[in-house]
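A structural walkthrough
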Amino acid sequence: MSDSKLFNQNAESEVGEPVVDSRRRLLTGAGALAASGWMAGVSGGWLLKPEFAHAAGPIKMGIATDITGAIAPSGNANWQVAQFAVEQINKGGGILGRPIELFLEDTASDPKIAVGNVRKLIQDRKVDVVLGGITSAMRQAIKDPIVNRGKTLYIYPQLYEGQECTKGLFNTGPTPAQQCDELIPYLIKTLGKKRFALPSANYVWPQLLNKYARKVIEANGGTVVFEEYYPMDQAEYSATIGKIRDGKVDCVFNTIIPPGLQPFVKQLYESGFQKNGGVVSCVYYDENLLNYHPAAEMDGLVSCLDYFQAVDDPFSKKLQEDYAKKFPNTKYLFTAGSASTGMYRGVKFYEAAVKATKGDLSRDAVAAALDKAKLTEGPGGGAEMVPGKMHCKMNMYIAVCKVVAGKTKYEIVKKSTMVDPKEC
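The rules behind each value
Residues numbered from 1 in each chain as written. Predicted model: local features only at pLDDT ≥ 70, side-chain atom pairs only at ≥ 80, totals over all residues. Heavy atoms only, no water. Helix = DSSP H or I, 4+ residues; strand = E, 2+ residues; numbered from the N terminus. Rg over C-alpha atoms; globule rule 2.2 N^0.38 Å. Areas by Shrake-Rupley, 256 points an atom, 1.4 Å probe, with all protein chains shown as cover. Buried < 20%, exposed > 50% of the residue type's maximum accessible area, 1.4 Å probe, protein only. Pairing = 2+ DSSP bridges. Right-handed = clockwise from strand over helix to strand, strands pointing away. Salt bridge = Lys/Arg side-chain N within 4 Å of Asp/Glu carboxyl O. Phe/Tyr/Trp six-rings, centres within 6.5 Å; stacked < 30°, edge-to-face > 60°. Lys NZ or Arg CZ within 6 Å of the ring centre and 35° of its normal. Polar contact = N/O pair within 3.5 Å; in protein donor to acceptor, adjacent residues only side chain to side chain. Contact = heavy atoms within 4.5 Å. Disulfide = S-S within 2.5 Å. Core = buried A, V, L, I, M, F, W, Y, C linked by side-chain atoms within 4.5 Å. Axes fitted to C-alpha atoms, helices over the stretch in contact; angles between N-to-C directions. Parallel < 35°, antiparallel > 145°, perpendicular 65-115°, else oblique. Left-handed = near helix turned anticlockwise from the far one by under 90°. Nonpolar A, V, L, I, M, F, W, Y, C, P; charged D, E, K, R; others polar. pLDDT = per-residue confidence, 0-100.

1. Concerning the overall build of the protein
A tally of helices and strands in the protein yields 14 helices and 17 strands. Here the protein has a C-alpha radius of gyration of 21 Å; the compact-globule value for 424 residues is 22 Å, and the two agree. Carbon and sulfur atoms make up 51% of the accessible area of the protein, which amounts to about 16600 Å² in all.

Below, the structure is given as structure tokens:
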């Protein structure tokens, strides 16, 4: 059966129900997807067909991201950025004349659900490449059905804890070296904060990131007062707040994620930590994440990412303008910590690699070309893969959140050029 017969422009099944996971779970995102031109699949998933055809058929690109669940604010930004980047390529004539056809599956902020949905991209849609995954737990869950069993190229767009050197898997987001080596010396030497607390969600990203961060903190004369791990859905942090107070912590290096994130930040703020001179730092906080909290709770937060909307180079500004035209009034922003910059970078790296292969879409051929790929432009600046390392150099920015007229915005305080990922 052809792909077009498996998808319905009106997002309705034969019995008139919206075609969303169990006919209900994707209801919130379904309207936005349909309005953006996506067709819902009769067995789940979404298809975005290109506006022109080619005799060789389209290049099939799979997007696996969190449309629903706790990570949905980031995941919905991801599919929008993927659509935005792909439509730019298709409007320019595609890749060597062939259009890109997009397939989307919901990973639902749940690795167990994600594995089954991602298999559809490989086994049913037969995509040439998969991009997506936000949390490291998600990447670990879906990489086997994509890379090992599916023999398909996988591009992971999110900042993460490092140490992912799987053949056929390329990483287009920042690593601990790119973030911590820039941010922590700033916190200690510029802001004068030396007593760190590391409250964290209990999974692989915080565990390995903290291991790296601890080394950088201690190498720069700081002290880790405590390092603790909590269930992702923990809602009560009075004991943690007490340790921060009693330990005279002056910098909270936070790696708690939703849904436990909001109650922690609220309770920390209400304890008077920031009012009394404490600094909160978090390496995944972008403009999307600021929307998780009241503005006052974010005032003074320090982050380090590959892009902020305050970056004013002409290419980045034009990207934001075009994205706003494509998705007017969207609450899912084109940002960095939500993996959107890594998604855009991943799509463009893939385009460059396929051009280098002269249209050969086999995994080994594209991977060999991707290993040497360079981008002269992108959000926050250009990027280039480090040969043999499956990670890329990129510009990094340290920014501080400010509250102006009740609204949050980042002010960039430092830029570092083409920072090495130091991986693999």
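Next, the rest of the story.
2. Brief notes about the pairing of strand β4 (residues 59–65)
Two faces, one strand: in a regular strand the side chains alternate between the faces of the sheet. With seven of its seven residues buried, β4 lies for the most part within the structure. Of the two faces of β4, the one holding I59, M61, I63 and T65 and the one holding K60, G62 and A64 are both buried throughout. Alignment of β4 against strand β5 (residues 100–106), held across seven bridges, turns out to be parallel. Considered in β5, the bridge of M61 is made with L102. Crossover handedness for the path β4 to helix α3 (residues 72–91) to β5: right-handed. Pairing of β4 with strand β6 (residues 129–132), which is carried by four bridges, proceeds in the parallel orientation. Paired with M61 across the two strands is V129, which belongs to β6.

3. A closer look at the pattern of salt bridges
Throughout the structure, instances matching the rule amount to 17 salt bridges. When the shortest N-O distance is used, the salt bridge between R149 and D144 registers 2.7 Å. The closest approach of N and O atoms between E218 and R214, which form a salt bridge, is 3.6 Å. Note that E218 and R214 are positioned in helix α7 (residues 204–219) at a spacing of four residues, about one turn of the helix.

4. Considerations on the pairing of strand β13 (residues 302–305)
Of the two faces of β13, the one lined by V302 and C304 and the one lined by S303 and L305 are each fully buried. Bridging between β13 and strand β16 (residues 392–404) involves four bridges; their strand directions are antiparallel. When the bridges of β16 are listed, C304 appears paired with I398.

5. Brief notes about the packing of aromatic side chains
As enumerated under the stated definition, the model contains 17 aromatic pairs in all. Taking 5.5 Å as the distance between ring centres and 85° as the angle between the ring planes, the aromatic pair formed by Y230 and Y237 counts as edge-to-face. The class for Y237 is buried, based on a relative accessible area of 1%. Each member of the aromatic cluster is reached from another via a ring pair, and the members are W38, W79, F84, Y307, Y323, F327, F334 and Y344. The ring of Y156 has R139 lying over it, and the distance from NZ or CZ to the ring centre is 4.9 Å. The side chain of K326 reaches across the aromatic face of F327, ending 5.8 Å from its centre.

6. Comments concerning the environment of A55
Considering the arrangement of structural elements, one finds A55 in the loop between β3 (46–48) and β4. Given a relative accessible area of 87%, A55 falls into the exposed group. A C-alpha to C-alpha distance of 9.8 Å links A55 and G97, two positions 42 residues apart in sequence.

7. Some words on the side chain of S338
Structurally, S338 can be placed in the loop between α12 (314–326) and α13 (340–356). Here the side chain of S338 touches N288 through a polar contact of 3.3 Å, side chain to side chain. Beyond its immediate stretch of four places on either side in the chain, S338 contacts S74, N78, I134, Q158, D286, N288 and L289.

8. Remarks on the state of the cysteines
Taken as a whole and judged by the stated rule, the model has one disulfide. With a sulfur-sulfur separation of 2.1 Å, C165 is cross-linked through a disulfide to C424. Measuring the twist about the S-S bond at about -100°, one finds the C165-C424 disulfide to be left-handed. Pair noted here: C165 is in the loop between β7 (153–156) and β8 (169–171) and C424 is in the segment after β17 (407–419), with a separation of 259 residues, a long-range link. Note on C424: relative accessible area 33%, which makes it partly exposed. There is no disulfide at C392, and the cysteine sulfur nearest it, in C424, is 12 Å away. In this structure C392 comes out as buried when scored by relative accessible area, which is 1%.

9. Some remarks on the nonpolar core
By size, the foremost hydrophobic cluster in this structure holds 110 residues, and its most contacted members are M61, I244, F253, F264, Y284, Y285 and Y350. One finds M39, A64, V118 and I146 within the second-largest nonpolar core, a separate group that totals 18 residues.

10. Some points on the packing of helix α8 (residues 238–246) against helix α9 (residues 261–270)
Running from N to C, α8 and α9 point in directions that differ by 45°, and their axes come no closer than 10 Å. Regarding the angle of α8 to α9, the classification is oblique. In this structure, α8 meets α9 at a crossing whose hand is right-handed. Residues S238, T240, I241 and I244 of α8 form the contact with α9, whose participating residues are F264, Q267 and L268. Within the contact of α8 with α9, the residues separate by chemical class into four nonpolar, three polar and no charged.

11. Quick look at the confidence of the model for the protein
The share of residues in the protein with pLDDT of 70 or more is 93%, and the mean pLDDT across the chain is 92. Confidence over residues 9–28 falls short of pLDDT 50; this stretch has 38 contacts with residues more than four positions distant or in other chains.

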